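Understanding the architecture of this molecule
Listed below are the residues making up each chain.
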Amino acid sequence: MDMKQIPARSGNHNLQNYQQTYKNFNWDEVKGNFTWSKTGKVNIAYETIDKHAEDPSKKNQAALIYTSPDREEKLTFEELKKKSNQFANVLKKNDIEKGDRVFLFMHRSPEFYAAFLGILKTGAIAGPLFEAFMEQAVRDRLEDSEAKMLVTTPELIDRVPVDDLPHLEKIILVGGDESGSHISFEKEMKNASEEFEIEWLDLEDGMLLHYTSGSTGKPKGVYHVHNAMLQHYQTGKWVLDLKDDDVYWCTADPGWVTGTSYGIFAPWLNGVTNVVRGGRFSPDDWYGTIADQDVSVWYSAPTAFRKLLSAGAETAKKHDLSSLRHVLSVGEPLNPEVIAWGLEAFDLRIHDTWWMTETGAMLICNYPTMEMRPGSMGQPLPGIEASIVDNEGNELPANQMGNLAIKEGWPSMMRAVWNNPGKYESYFVNGWYVSGDSAYKDEDGYFWFQGRLDDVINTSGERVGPFEVESKLIEHEAVAEAGVIGKPDPERGEIIKAFITLREGYQKSDELLEDIRQFVKKGLSAHAAPREIEITDTIPKTRSGKIMRRLLKSWELGLPTGDTSTLEE
Ligand code: WT7
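Residues numbered from 1 in each chain as written. Predicted model: local features only at pLDDT ≥ 70, side-chain atom pairs only at ≥ 80, totals over all residues.

By the naming in an unreviewed UniProt entry, the protein goes by acetate--CoA ligase and is assigned to Halobacillus shinanisalinarum.

**A closer look at the sheet that holds strand S13 (residues 326-329)**
As summarised here, the arrangement of the 9 strands in space is S2-S1-S11-S10-S12-S13-S14-S15-S16, forming an open sheet in which the pairing is mixed. One side of each edge strand has no neighbouring strand; the edge strands of this open sheet are strand S2 (71-76) and strand S16 (379-380). In the sheet, strand S1 (residues 62-68) pairs with strand S11 (residues 273-277) via 4 bridges, with the strands oriented parallel. Bridging across to S11, leucine 64 finds its partner in asparagine 274. (Pairing = 2+ DSSP bridges. Helix = DSSP H or I, 4+ residues; strand = E, 2+ residues; numbered from the N terminus.)

**Regarding the nonpolar core**
By size, the foremost hydrophobic cluster in this structure holds 158 residues, and its most contacted members are Leu104 and Leu363. With 8 residues, the top contributor of residues to this core is helix H6 (residues 110-121). Those residues within four positions of leucine 363 in sequence are excluded, and the remaining contacts are Trp354, Trp355, Pro380, Leu381, Ile384, Ala386, Ile406 and Trp410. (Core = buried A, V, L, I, M, F, W, Y, C linked by C-beta atoms within 7 Å. Buried ≥ 20, exposed ≤ 12 C-beta atoms within 10 Å, placed from the backbone. Contact = placed C-beta atoms within 7 Å.)

**Some words on the environment of aspartate 437**
Tracing the backbone shows aspartate 437 in strand S21 (residues 432-441). As for aspartate 437 and valine 456, which are separated by 19 residues in sequence, their C-alpha atoms are 9.9 Å apart. Aspartate 437 has contacts with Leu404, Phe449, Arg452 and Leu453, leaving out every residue within four places of it along the chain.

**Quick look at the UniProt feature "domain: AMP-dependent synthetase/ligase" (unreviewed entry) in the protein**
Feature annotation in UniProt places "domain: AMP-dependent synthetase/ligase" (unreviewed entry) on residues 58-415, given in this structure's numbering. This span, residues 58-415, is 30% helix and 23% strand, and a straight line between its end C-alpha atoms measures 33 Å. (UniProt positions renumbered as here; feature names shortened; annotations may be inferred.)

**Some details on the pairing of S1**
Bridge analysis of S1 against S2 gives 6 bridges, and the strand direction is antiparallel. The residue bridging alanine 62 from the neighbouring strand is threonine 76, located in S2. Hairpin connection between S1 and S2: a loop of 2 residues separates the two successive antiparallel strands.

**Concerning the site of the ligand**
Taken together, 21 residues lie near the ligand, and Trp354, Met356, Thr357, Phe449 and Arg463 sit nearest. Class assignment of the residues belonging to the shell around the ligand gives a composition of 8 nonpolar, 8 polar and 5 charged. (Near = placed C-beta within 6 Å. Nonpolar A, V, L, I, M, F, W, Y, C, P; charged D, E, K, R; others polar.)

**Regarding the environment of phenylalanine 196**
For phenylalanine 196, the position within the fold is in the loop between helix H8 (185-191) and strand S8 (206-212). Accessibility expressed as a C-beta count within 10 Å gives 22 for phenylalanine 196, which makes it buried. C-alpha separation for the pair phenylalanine 196 and aspartate 241, spaced 45 residues apart in sequence, amounts to 33 Å. Not counting residues up to four positions away in its chain, the partners in contact with phenylalanine 196 are Asn85, Ala88, Asn89 and Lys121.

**Regarding the UniProt feature "domain: AMP-binding enzyme C-terminal" (unreviewed entry) in the protein**
Under the feature "domain: AMP-binding enzyme C-terminal" (unreviewed entry), the UniProt entry names residues 468-546. Taken end to end, residues 468-546 is 25% helix and 32% strand, and its first and last C-alpha atoms sit 14 Å apart.

**Details of the packing of helix H4 (residues 44-53) against helix H10 (residues 257-269)**
Direction vectors running N to C along H4 and H10 enclose 60°, while the axes themselves pass 8 Å from each other. Here H4 is positioned oblique relative to H10, judged by the angle of their axes. Between H4 and H10 the crossing geometry is left-handed. Mapping the contact onto sequence places Ile44, Glu47, Thr48 and Ile49 in H4 and Ile264, Phe265, Trp268 and Leu269 in H10. (Axes fitted to C-alpha atoms, helices over the stretch in contact; angles between N-to-C directions. Parallel < 35°, antiparallel > 145°, perpendicular 65-115°, else oblique. Left-handed = near helix turned anticlockwise from the far one by under 90°.)

**With respect to unusual backbone geometry**
Even without a glycine there, the phi angle at aspartate 241 is positive, about 60°. Following the sequence through the fold, aspartate 241 ends up in the loop between helix H9 (229-238) and strand S10 (247-250). Among the residues examined, aspartate 241 registers 23 C-beta atoms within 10 Å and is labelled buried. Even without being a glycine, asparagine 399 presents a positive backbone phi close to 70°. Checked against the element boundaries, asparagine 399 lands in the loop between strand S17 (386-389) and strand S18 (402-407). On the neighbour-count criterion, asparagine 399 (11 C-beta atoms within 10 Å) is exposed.

**Observations regarding helix H11 (residues 283-293)**
All of the buried residues in H11 are Trp286, Tyr287, Thr289 and Ile290. End-on view of H11: buried residues confined to an arc of 145°, all on one side of the axis. Here the buried face of H11 lies against S1, S10, S11, strand S12 (297-300), helix H12 (302-311) and helix H13 (313-317). (Arc of directions from axis to C-beta.)

**Section: the pairing of S8**
Along S8, 7 of the 7 residues are buried, which leaves the element largely enclosed by surrounding structure. In this sheet, strand S9 (residues 220-225) lies alongside S8 in antiparallel orientation, the contact comprising 6 bridges. Paired with threonine 212 across the two strands is lysine 220, which belongs to S9.

**What to know about the confidence of the model for the protein**
Averaged over all residues, the pLDDT of the protein is 94; the fraction at 70 or higher stands at 97%. Model confidence for the complex is summarised by a pTM of 0.94, with the ipTM given as 0.99. (pLDDT = per-residue confidence, 0-100.)

**Here we look at helix H14 (residues 336-345)**
Listed as buried for H14 are Val338, Ile339, Gly342 and Ala345. Angularly, the buried residues of H14 cover 130° about the axis, an arc narrow enough to put them on a single face. In the core, the buried residues of H14 are packed alongside H12, H13, S13 and strand S14 (350-354). Phi for aspartate 347, located one or two positions after H14, is positive at around 60°.

Below is the structure:
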């Protein structure tokens, strides 16, 4: 097959010639699908679960299929409605009100989803934290959000600095001792009513806080509101191509935005069965999940596809993957080589989609009904204006590289950076949201990703801020200074490489380097720990003291160093 262009195929929601069909598309048209149009009020938890539970033809359909090496469980829409109601009652009993922040720090499980939806039903703001976070990462997020309550497990509670968090009033433990000092999830759920009067909200009321990394400072709380449902719902149709009887699997953890927008909202707003897989990655388990659950629509990431690719065709052939109809990818550039592999392994195109934590939902995509150009992220959704702009926010002509930018005002756009209005403002230039990615647009309107413009590292599809890692590194007794960069890696996209200088009296040794690595891993999280650490004599800085990570990167890659006029002596 000609890999320059892969022909369109049919889809369930006609997007052929979508630019003509949807020329005058307005997001307001989508509002008619939700209670808002009738009552003026909404709640995304109602639209995802209760609405289907009230539909006699849907209430007994599996909403959630949870599968893992040691647990299998199915919950229908009706059961999930009841469980989330019970949890909402537990929260009410403990004085949770609209606008309070309730965080979840636990692995994926049926309890997680019931709790997450229960939080939204009370009108509180949910803050999911990735289970691999260690104490510093947990502390930063709970402190900044002033979370009032936390749902966690006995395995993870030691990483929560309970006594140092003045706003944290209560902790709910899932799977703990029912007589312990914290609230027992199981005990409270047993006593809670399955009826709950949902808190009806405005479209602009708070829903979700996702912490994400930038190149400077601590992670920032990206704040999303219920209005995002318009885009979650509609991209579920246009891009995920969902239809009523689909079995859908999104592999992302709900600690990251893909795992909420597309692991919770998009599938359930569209009433499809949602598969959640717990446990670690293994090619056989993943293929097995598709085969055993008859997954028809699958949303994953390049790093996973590359791992499956390297596991070999024989591994794939052991499993019956014929249920698959549609495959999508997000998080990092999707290599044409991986698309070629997908055509062979599944006889399907893998559709790249581009968006970010801050954008809340997909913006630039390959649709099922669109001709695909491997290596391109696709084209903007109807109702989305995307462009390439210079640093002043002026649009650039086709084929010129610049800032990938989106015209302000799409439905799922973040509404604030928590506690940090200045940071929020800094994203916008001349009416454009400037993404931090560089790209160009070809003559036909396809967008091509080029790289990050800031120093943010993308390792296995996860965003890591260099500043956070550097801050942790210099807490180690042997480290004087640190500069952290992303180094290209064939499987992980990038790996984290740290350059450090040692304090007086410390000598380089393999044990010391391993100790430093473990220190970051234990303090922050495994995915933030540098895979490579190099000891140098100095860390290059500007005269104003900013670490010149670009210079470190040029050194590492043997590239020209460019302008070094601001380098300190
Ligand atoms: C950054 C956002 C919301 C999706 C999960 C990641 C990179 C995302 C693509 C893509 C190339 C991509 C960008 C973006 N990215 N999708 N299709 N091709 N790069 O969300 O953690 O907020 O990261 O991921 O650099 O800015 P995130």
